[in-house]
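Coordinate analysis (summary)
Residue-level listing of the chains:
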Amino acid sequence: QVHLVESGGGLVQAGGSLRLSCADSGRTFSKYAMDWFRQAPGKEREFVAAISWNGGSTYYVDSVKGRFTISRDNAKNTVYLQMNSLKPEDTAVYYCAAGLDMDRDPDYWGQGTQVTVSS
């Protein structure tokens, strides 16, 4: 079973950085591709980034390319999202998610962590 818990959200000024973490307390973390999604107030949830089970492949939505980096440490059952050069439009609840395929339709979700970027 997969149980995901995000951390690292908070309030930051535009241009600043945050690193989100998502830890899995289960024993099958390394089997799963991992995604980050976000949902801003009044908007639909959107895909942000994905990483394959071994970290060999990564994907990003165009709006975060060059600013965000997804990575994982399978020994720690943790996936990260390093967010640099943050913009007010990055303000959202960020969710990590796990799935057996990199189809942006994951099977398991965390509870989310709030990221607020002030201008």
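Quick caveat, the model's predicted, so the values are computed rather than measured. Residue positions are counted from 1 within each chain, in the order its sequence is given. For a predicted model such as this one, the threshold for reporting local features is a pLDDT of at least 70, and the threshold for listing and counting side-chain atom pairs is 80 or more; totals across whole chains, interfaces and linings nevertheless cover every residue. To get the side-chain values, take all heavy atoms of the structure and skip hydrogens and water.

**Observations concerning the side chain of Arg67**
Secondary structure follows DSSP: runs of H or I at least 4 residues long count as helices, runs of E at least 2 residues long count as strands, and numbering of each begins at the N terminus. You can see Arg67 is positioned in the loop between β6 (58-60) and β7 (68-73). Throughout, a contact is declared for two residues whenever any of their heavy atoms are within 4.5 Å. Here Arg67 is in contact with Gln82, Met83, Asn84, Ser85, Leu86, Lys87 and Asp90, once residues within four sequence places are set aside.

**Observations regarding the nonpolar core**
Most often, soluble globular proteins have nonpolar side chains that are buried together. We define a nonpolar core as any set of buried Ala, Val, Leu, Ile, Met, Phe, Trp, Tyr and Cys residues linked to one another through side-chain atoms lying within 4.5 Å. Buried means the residue's accessible area, taken with a 1.4 Å probe over protein chains only, is under 20% of the maximum for its type, while exposed means over 50%, and partly exposed covers the values in between. If you look at the biggest cluster of nonpolar residues, it comprises 28 residues, and the most contacted ones within it are Met34, Trp36, Leu81, Met83 and Tyr94. For this core, the secondary-structure elements that each account for two or more residues are β3 (18-24), β4 (33-39), β5 (46-51), β7, β8 (78-83), β9 (92-99) and β11 (113-118). The element that contributes the greatest number of residues to this core is β9, accounting for 4 residues.

**Focus on a negative patch on the surface**
Taken together, the side chains of Asp101, Asp103, Asp105 and Asp107 present a region of like negative charge at the surface. Relative to the assigned elements, Asp105 resides in the loop between β9 and β10 (108-109). We classify Asp105 as exposed; its relative accessible area is 53%. Each patch is assembled from residues with relative accessible area greater than 30% and no salt bridge, linking like charges that lie within 9 Å and nonpolar side chains (Val, Leu, Ile, Met, Phe, Trp, Tyr) that lie within 5 Å. Shrake-Rupley sampling with a 1.4 Å probe provides the accessible areas, and residues are treated as covered by the protein chains on show and by no other component. Any Lys or Arg side-chain nitrogen found within 4 Å of a carboxyl oxygen on Asp or Glu counts as a salt bridge. Residues counted as positive are Lys and Arg, residues counted as negative are Asp and Glu, and His and the chain ends are not counted. Charged groups are reduced to one reference atom each: NZ for lysine, CZ for arginine, CG for aspartic acid, CD for glutamic acid.

**Remarks on the sheet that holds β3**
Here, any two strands with at least 2 DSSP bridges between them count as paired. One open sheet holds the 4 strands; their spatial order is β1-β3-β8-β7, and the pairing between them is antiparallel. Here the strands that pair on one side only, and so sit at the sheet edges, are β1 (4-7) and β7. Shown here is a sheet whose adjacent strand axes are inclined to one another by a mean of 15°, direction ignored. In this structure, β1 lies alongside β3, joined through 4 bridges in antiparallel fashion. Its bridge partner being in β3, Val5 is matched across the sheet by Ala23. All axes here are fitted lines through C-alpha atoms, helices being fitted over the stretch that makes contact, and every angle between N-to-C directions spans 0 to 180 degrees.

Taken by themselves, the reported measurements are silent on function.
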